[in-house]
Amino acid sequence: MVGCSTAIQVNCCTQKPSIITNFDQFKNHLLSSFQPFIGDLQKNPIKIPLPRAIIKKTSMELLDILTNSVFQFIDHPSLSSQSNFAPVEEMGGAVYVDGTIPDGFPEGVYIRNGPNPLFGGFKSTKSIFGRSSHIWVEGEGMLHALYLKKENDGKWSVSYNNKHVETDTFKLEKQRNRPSFLPAIEGDSPAILSAYLLNLMRFGSVNKLLSNTSVFEHSGKFYSAAENHLPQEIDIRTLNTLGNWDVNGSWNRPFTAHPKKAPGSGELVTMGVNAMKPFFEIGIISADGNKLVHKADLKFERCSLCHDIGVTLRYNVILDFPLTIDLKRLANGGPLIKYDGEGYARIGVMPRFGDSDAVRWFDVETCCVFHIINTFEDGDELIMWAFRASDSIIPGPDLGLNKFEWFSSRFKRECNTDFDSDESFFSRAYEWRLNMKTGEVKERYLTGTTHSMDFPMINEHFMGLKNKYGYAQAVDSNASSISGMPKYGGLAKLHLEDTRSKDYVEMEYHKFPENTFCSGAAFVPKPGGLEEDDGWVITFIHNEHLNVSQVLIIDAKKFTSEPVSVITLPSRVPYGFHGAFMPIIL
């Protein structure tokens, strides 16, 4: 470890992190730790005028020396049960694979996004301020794409490619060829705060711009997204990154990973959540993607981790639930991300081009919701279907073995909470009926506890309209392996025709082999299909016994039957997030 002074080097090696209870103590501690470095600069001031570029370069080098003296990168530990979260290398170009595609399937690209960290895996740090680490959702985005092309002779050509999404911070760190951004999500508060400060001073950003969550299309262009930054435009055929999409300079804040096309108009409804005011802004982008036609600050009083947004024919549907980011809480020694089970929860219904005064708020039971199945209008009621957990599905410090393992301990059985028997962590289909005339709210679970489900998908032609079917990734909640992990994964088809007539809706389950799980599933409508479930569900799966990744195509009308196609991939595909099928001519 390179040091700029003996005092700092000794502190880093011998001192234990002291308990810092407020922001003033943190500042004093930070300044006293850096004092020897500052003293050296005062004894040897630079008196010769230098070009600005040289001054900037020298300042960056000094900050790097300082950072390396205070923080030491170490490999973040992982469990054997987390082997398919480990990163893979880029293929370097598309490779052909064998696959039989069903009759009537559209030509196009099946693509999925997910974290794939640089430099061999996630890194943690130890320092005089304590420890900090990245969490598994933070790896740089990597796109995994399956290309389905129909040749002139009617035969299918199937190929696979993967590639990192090259954000500005990805290119910066790759050019430096070493871990550079200090992890700043999980760990001791003083370490996270100092990581924020040093990242901002060195790179102009408190954290990496990941673009690792979803892929979406608007007006014939394709984008990779994560809600901590702007989307990246992607060349869907090569997976090359073409640059940030800021809607011609009119959107300058984070952008949701789940924008929705408004039914009828084709406008794109988006939102941006930030840790500083304004906490929540909504935007409407024109159908051609060239103009931001509406933007409004909804004047939230907290930074709620809103991950999804709903649309209907006339309204936008807003979630304000008590999973929050709070920088002041962090400065006072608390967690950056916290779920408050006693906090308020509400759903907002907003006219498409309304403002904060036009939002009608409905108070609902406190819970945790990440993904919406669909929202639509039904007479006087607005219906929202989503996947709900009665507690946070992101673990907090009260659940880990120690503060350094708030998130990673969620995958361990040796936690303070028995997850196998605690149904509050199961994510289940749920319904809210919001009466726009009387203000009444009715809410209930649509499914039981046999399966935990999330990552919903529907036939996109029914987005914002009344629909009959929803699909989701699922695990068998009642079958666990010795390690405490789920034993069986699969896909669920929910029959939502009339949710008021039964205690629980009918569900079909497509079960995978033991210790096989999926990610990035998407519904592919059949061209010219007459019914909502005319089509297929396509998904990446990974068999942990065989360490083999495949793509399955399942007939949505014969959901419990064997897949109609099984395509074995040339490379392991790590678990990730959201996928989409893009019907384009290749």
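Residues numbered from 1 in each chain as written. Predicted model: local features only at pLDDT ≥ 70, side-chain atom pairs only at ≥ 80, totals over all residues. Heavy atoms only, no water.

S.K.: Help me understand the nonpolar core, please; the structure alone is not making it clear to me.
M.R.: A general tendency of soluble globular proteins is for nonpolar side chains to be buried together. Membership of the largest hydrophobic core comes to 35 residues, with the highest contact counts inside it found for Phe280, Ile282 and Leu298. Mapped onto this core, the elements with two or more residues apiece are strand S14 (268–273), strand S15 (280–285), strand S24 (368–378), strand S25 (381–389), strand S29 (469–476) and strand S30 (488–495). In contact with Leu298, not counting residues within four places along its chain, are Phe280, Ile282, Ile318, Met350, Asp355, Ser356 and Val359. Core analysis: the next-biggest nonpolar cluster, separate from the first, contains 24 residues, Phe71, Ile128, Leu193 and Tyr196 among them. (Core = buried A, V, L, I, M, F, W, Y, C linked by side-chain atoms within 4.5 Å. Buried < 20%, exposed > 50% of the residue type's maximum accessible area, 1.4 Å probe, protein only. Helix = DSSP H or I, 4+ residues; strand = E, 2+ residues; numbered from the N terminus. Contact = heavy atoms within 4.5 Å.)

S.K.: Looking at this model, I keep getting lost on the sheet that holds S15. Mind explaining?
M.R.: Strand pairing in a sheet relies on backbone hydrogen bonds, with the paired strands running either antiparallel or parallel. Spatially, the 4 strands line up as an open sheet ordered S13-S14-S15-S16, and their pairing is antiparallel. Strand pairing shows two members of the sheet lacking a second neighbour, strand S13 (260–261) and strand S16 (292–297), which therefore form its edges. Here S14 runs beside S15; their pairing, made up of 6 bridges, is antiparallel. Paired with Val273 across the two strands is Phe280, which belongs to S15. (Pairing = 2+ DSSP bridges.)

S.K.: Looking at this model, I keep getting lost on unusual backbone geometry. Mind explaining?
M.R.: Where the residue is not glycine, phi is negative for most of them; where a peptide bond is considered, it is trans in most cases. That bond from Lys277 to Pro278 is cis: its omega, -5 degrees, falls within 30 degrees of zero. Of note in the backbone geometry, Leu239 takes a positive phi value of approximately 70 degrees without being a glycine. Inspection of the secondary structure assignment puts Leu239 in the loop between strand S11 (232–234) and strand S12 (241–244).

S.K.: Mind showing me how you'd approach the side chain of Arg346 here?
M.R.: If you trace the backbone, Arg346 turns up in strand S22 (residues 345–351). For Arg346, a relative accessible area of 15% translates into the label buried. Excluding residues within four positions of it along the chain, Arg346 makes contact with Phe300, Ile318, Leu319, Asp320, Phe321, Trp361, Phe362, Asp363 and Val364.

S.K.: I keep staring at the pairing of strand S10 (residues 221–225) and nothing clicks. Help me out?
M.R.: The side chains of a regular strand alternate, residue by residue, between the two faces of the sheet. In terms of residue burial, S10 counts as a mostly covered element, since 4 of its 5 residues are buried. Where strand S9 (residues 214–218) and S10 come together, 5 bridges link them in antiparallel fashion. Counterpart to His218 in the pairing with S10 is Lys221. The hairpin formed by S9 and S10 contains 2 residues between the paired strands, and Ser219 there has a positive phi angle of roughly 55 degrees. Taken together, the 3 bridges between S10 and S11 define a ladder with antiparallel strand orientation. Pairing of Ser224 across the sheet is with Gln232, part of S11. In textbook terms, the turn of a hairpin is the stretch between consecutive antiparallel strands, and for S10 and S11 this stretch comprises 6 residues.

S.K.: Hey, could you run me through the pattern of salt bridges in this one?
M.R.: Close approach of charged atoms allows side chains with opposite charge to pair. Taken as a whole and assessed by the stated rule, the structure comprises 23 salt bridges. One salt bridge connects Asp75 with Lys123, and the closest N-O pair in it is separated by 2.5 Å. With Asp75 in strand S1 (residues 71–75) and Lys123 in strand S4 (residues 123–127), this residue pair connects regions lying 48 residues apart in the sequence. Taking relative accessible area as the criterion, Lys123 reaches 15% and is therefore assigned buried. Of the charged contacts in the structure, one is a salt bridge between Lys493 and Asp533, with a shortest N-O distance of 2.9 Å. A residue pair is termed long-range when its members are at least 10 positions apart, and Lys493 in strand S30 and Asp533 in the loop between strand S32 (516–525) and strand S33 (535–543) qualify at 40 residues. Residue Asp533 is classed as buried on the basis of its relative accessible area of 5%. One network of salt bridges, in which partners are shared, links Lys493, Glu531, Asp533, Asp534 and Lys557. (Salt bridge = Lys/Arg side-chain N within 4 Å of Asp/Glu carboxyl O.)

S.K.: Would you mind showing me how to read helix H4 (residues 168–176) here?
M.R.: Spacing of three or four residues puts side chains on the same side of an α-helix, whose turn is 3.6 residues. Within H4 the residues assigned to the buried category are Thr169, Phe170 and Glu173. One face of H4 carries all of its buried residues, which in axial projection span an arc of 105 degrees. Just downstream of H4, Asn177 is the residue with a positive phi angle, here 60 degrees. (Arc of directions from axis to C-beta.)

S.K.: What should I look at first to understand helix H5 (residues 189–203) in this one?
M.R.: With 15 residues, H5 extends 21 Å from end C-alpha to end C-alpha; this agrees with the ideal 21 Å at 1.5 Å per step. Most of H5 is tucked away: 12 of the 15 residues are buried. Listing the buried residues of H5 in full gives Ser189, Pro190, Ala191, Ile192, Leu193, Ser194, Ala195, Tyr196, Leu198, Asn199, Arg202 and Phe203. After H5 finishes, the residue Gly204 shows a positive phi value of roughly 75 degrees. (Expected span 1.5 Å × (residues − 1).)

S.K.: It is not clear to me how the sheet that holds S12 should be interpreted in this structure. Could you clarify?
M.R.: One open sheet accounts for 4 strands, arranged S9-S10-S11-S12; its pairing is antiparallel. Two strands in the sheet have a free side with no partner beyond their single neighbour: S9 and S12. Direction aside, the axes of adjacent strands within the sheet are offset by 35 degrees on average. (Axes fitted to C-alpha atoms, helices over the stretch in contact; angles between N-to-C directions.)

S.K.: Is there a simple way to explain the side chain of His258 in this structure?
M.R.: Secondary-structure assignment places His258 in the loop between S12 and S13. Of the residues examined, His258 reaches a relative accessible area of 11% and is grouped as buried. Leaving out residues up to four positions away in the same chain, His258 has contacts with His307, Asp308, Ile309, His371 and His578.

S.K.: Got a minute to help me understand the packing of aromatic side chains in this structure?
M.R.: Where two aromatic rings form a pair, the distance of their centres and the angle of their planes describe that pair. Counted under the stated rule, the structure contains 19 aromatic pairs. Look at Trp245 and Phe255: their rings are 5.8 Å apart centre to centre, the planes differ by 50 degrees, and that puts the pair in the tilted class. Within this pair, whereas Trp245 is found in the loop between S12 and S13, its partner Phe255 is found in the loop between S12 and S13, the two being separated by 10 residues in sequence. Across the pair, Phe255 and Trp245 agree in class, each one buried. Measuring from ring centre to ring centre gives 5.9 Å for Tyr471 and Phe559, while their planes differ by 50 degrees; the resulting arrangement is tilted. Here Tyr471, found in strand S29, pairs with Phe559, found in the loop between strand S34 (548–555) and strand S35 (565–568); they are 88 residues apart in sequence, far enough to count as distant. Like Phe559, Tyr471 is buried. Here the aromatic residues Phe216, Tyr223, Trp245, Trp251 and Phe255 are joined through ring pairs into a cluster of three or more. For the cation-ring pair, Arg346 lies above Phe300, with the distance from its terminal atom to the ring centre recorded as 5.6 Å. Over the face of the ring belonging to Tyr430 we find Arg388, whose NZ or CZ atom lies 4.5 Å from the ring centre. (Phe/Tyr/Trp six-rings, centres within 6.5 Å; stacked < 30°, edge-to-face > 60°. Lys NZ or Arg CZ within 6 Å of the ring centre and 35° of its normal.)

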